[in-house]
Each structure stands twice: as C-alpha cells, then as structure tokens.
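# Structure assessment
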Amino acid sequence: MKAFITLLLLCCSNIFMTLAWYGHLKLGELKWFQQLPLIAVIALSWGIAFFEYCLQVPANRIGFSGNGGPFSLMQLKVLQEVITLIVFIAFSVIAFHMQIRWNHIVAGVLLILAVYFVFR
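Attention in this report is confined to the structure presented alongside it. (Residues numbered from 1 in each chain as written. Predicted model: local features only at pLDDT ≥ 70, side-chain atom pairs only at ≥ 80, totals over all residues. Heavy atoms only, no water.)

It is the contact of helix α1 (residues 2-27) with helix α4 (residues 73-96), at a shortest axis distance of 9 Å, that shows an interaxial angle of 45°. Judged by the inter-axis angle, α1 sits oblique to α4. Regarding α1 and α4, the two cross each other, and that crossing is right-handed. Tallied by class, residues from the contact of α1 with α4 come to 16 nonpolar, six polar and one charged. (Axes fitted to C-alpha atoms, helices over the stretch in contact; angles between N-to-C directions. Helix = DSSP H or I, 4+ residues; strand = E, 2+ residues; numbered from the N terminus. Parallel < 35°, antiparallel > 145°, perpendicular 65-115°, else oblique. Left-handed = near helix turned anticlockwise from the far one by under 90°. Nonpolar A, V, L, I, M, F, W, Y, C, P; charged D, E, K, R; others polar.)

Here it is in structure tokens:
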C-alpha cells in the first residue's frame, strides 16, 4: 500500500510542478497574463509549487525504505524523474499540441531501462 500511495503522491506532485514550471508559458497566450510583471508570474509559480511540495515531501517520507517504505533513495529519485517526464509529455501534447517523435520514444525506452536497472 505504501508503494501505491507514494506513486500516487508523486504523480500528483508532478502535475503541480509541471504547471508551476511551464503553465505560465501557456497562460502567456492570454493578453491579461502578458501584462503581468515577471515578479507576479514568479509568485504565481511559487504558489503552485507550494502544493507540489505538500505532496512530494510526504511521498518521499512514506516511500523511503529508511522510514519503512518500499523504495531506496535511488529508486525514489528515478521514479520521480520518470513520472516527471511522463507528466511533462502529457502536458506538452495536451497544452502545446506537440508531437511525439521517434527520438522521444527512444528516450522513453531508455528511461524504462533505467528504472529496470535501478530496481535490480
């Protein structure tokens, strides 16, 4: 159960992280948003990132083997990176209508191999 909760929290935290880091680029298409000073955009991103941390920190605490969880520190980090890229790909396809190319697929396969090797 701790593995499931950890993965769920990591997925949710990465949605907030992606919105904090890249959401302002999509919002930049709106005229009112373009007029905001950079400090306001930074503050908005920090506000969104707060929720990312509210999920990321518990995910790592619950999932870490040193706290009774199922994952080593290295496994947590690799899982987080893979989840980040999956969420980012979904975001870029949905929000920016980007196309997945062959090199993106190869990179994804290599990441899956990284997960495989870190769990061995």
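Past the structure itself, the notes keep going.
This part covers the packing of α4 against helix α5 (residues 102-118). At their nearest, the axes of α4 and α5 sit 10 Å apart, and the two run at 165° to each other. In this view, α4 runs roughly antiparallel relative to α5, as classed from their interaxial angle. Note on packing geometry: the crossing formed by α4 with α5 is left-handed. Contact residues: α4 offers Met 74, Gln 75, Val 78, Val 82 and Leu 85, while α5 offers Leu 111, Ala 114, Val 115 and Val 118. Looking at the contact of α4 with α5, its residues break down into eight nonpolar, one polar and no charged. (Contact = heavy atoms within 4.5 Å.)

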